[in-house]
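Secondary and tertiary structure notes
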Amino acid sequence: MIRFYFHPTPNPAKVALFLEEAGLPYEVVPVDTSKGAQHAAEFRAVNPNGKVPAIVDTEGPAGRETRVFDSSAILLYLGDKTGRFVGSPADRPELLSWLFFIASGLGPFSGQAVHFQYAAPQGNEYAVNRYRREAERHYRVLDDRLAGRDYIVGDAYSIVDMSGWGWLDRASRVMKDEADPLAPYPNIKRWFAAIDARPAAARAREVGKEHDFKRVNDDETKRALFPSNYPELSGWARG
């Protein structure tokens, strides 16, 4: 059984998609990050970095309970555990390269673009431009990669496609004020539509819907999500 620590944001969505594609039994453990649940001691025991997603595999290696945190690490762990969606041995270098391109580039720059366009105080025009343009650059790199290809790596659907789906699903937020945010990236648009049409993607979207996650962006939310901005919350920021 997989205990899946979840909040409805892009990185947990990737793991939800894998779990649904693989048909692994799992239990959703809601972590309401807008209320600061990620800073609780019991969650920090699972992920010392205080971020979702994380999993605990009750049937890990040698039958031991095993924790894994960070969405890319989880995807690799589950892929290797099941032998599914990780391509062939020959694909491994490309799979790792593109997985970490998303993990260290497309994802973080998309997240910062969203932050500075929606959450940061006014007067950060340099940061807004910096992160929005870098997000667009990463989209172009991926769009070029997908020219004439159905999948990002190899000839089969993989964890890299799942990882990309999690973030590209938020393109309307990243590309603020664009009516059709993927129009400049036709290869991504075609690829995303194909991944999003999979039955497992529809099921992944339903994960956690039974939990009433907080959606109000008030002072409590800001202090929970950005404790480093508040000196009195330094303990949270350090973990």
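All values reported here derive from a predicted model rather than from experimental measurement. (Residues numbered from 1 in each chain as written. Predicted model: local features only at pLDDT ≥ 70, side-chain atom pairs only at ≥ 80, totals over all residues. Heavy atoms only, no water.)

1. As for the overall build of the chain
When you go through the chain residue by residue, the secondary structure sums to 11 helices and 4 strands. Its C-alpha atoms give the chain a radius of gyration of 18 Å, within 12% of the compact-globule value 18 Å for 239 residues. Across its three principal directions, the C-alpha atoms of the chain cover 50 × 50 × 30 Å. Every one of the 239 residues in the chain was classed for burial, and the buried ones make up 48%. The long-range share in the chain, meaning contacts at least 24 apart out of those at least 6 apart in sequence, stands at 66%. As presented, the chain carries roughly 11,800 Å² of accessible surface, and 51% of it is formed by carbon and sulfur atoms. One finds the centroid of the 31 positive side-chain charges in the chain at a distance of 3 Å from the centroid of its 32 negative side-chain charges. (Helix = DSSP H or I, 4+ residues; strand = E, 2+ residues; numbered from the N terminus. Rg over C-alpha atoms; globule rule 2.2 N^0.38 Å. Buried < 20%, exposed > 50% of the residue type's maximum accessible area, 1.4 Å probe, protein only. Contact = heavy atoms within 4.5 Å. Areas by Shrake-Rupley, 256 points an atom, 1.4 Å probe, with all protein chains shown as cover. Lys, Arg positive; Asp, Glu negative; His and termini not counted. Charge placed at Lys NZ, Arg CZ, Asp CG, Glu CD.)

2. Some points on the UniProt feature "domain: GST N-terminal" (unreviewed entry) in the chain
If you check UniProt for "domain: GST N-terminal" (unreviewed entry), the listed places come out as residues 1-86 in our numbering. With 34% helix and 21% strand, the stretch residues 1-86 has end C-alpha atoms that lie 21 Å from each other. (UniProt positions renumbered as here; feature names shortened; annotations may be inferred.)

3. A short note on helix α6 (residues 159-168)
Within α6, 10 of the 10 residues are buried, which leaves the element mostly enclosed by the surrounding structure. Those residues of α6 that sit buried are I159, V160, D161, M162, S163, G164, W165, G166, W167 and L168.

4. Considering the environment of F116
Mapped onto the elements, F116 comes out in helix α4 (residues 92-119). In contact with F116, not counting residues within four places along its chain, are N124, A127, V128 and Y131.

5. Observations concerning the domain arrangement of the chain
By a widely used convention, the size of an interface equals the accessible area lost when the partners come together. Along its sequence, the chain is organised into domain 1 (2-85 + 205-229) and domain 2 (89-201). Between the C-alpha centres of domain 1 and domain 2 the distance comes to 20 Å. Contact with domain 1, which involves 17 residues of that partner, is made by 25 residues of domain 2. Interface area for domain 1 against domain 2, summed over the two sides, is near 1,900 Å², with a carbon-plus-sulfur share of 62%. Counting the surface domain 1 buries against domain 2, the share from its top three residues, L17, F85 and R205, is 33%. For the pair domain 1 and domain 2, the number of links is 4 salt bridges. Linking R205 and D196 is a salt bridge whose minimum nitrogen-to-oxygen distance equals 2.5 Å. (Domains from an automatic or database assignment. Buried area = accessible area lost by both parts, 1.4 Å probe. Salt bridge = Lys/Arg side-chain N within 4 Å of Asp/Glu carboxyl O.)

6. Describing the UniProt feature "domain: GST C-terminal" (unreviewed entry) in the chain
On the UniProt side, "domain: GST C-terminal" (unreviewed entry) is annotated at positions that read residues 88-216 here. Annotated as 64% helix and 0% strand, the span residues 88-216 places its first and last C-alpha atoms 44 Å apart.

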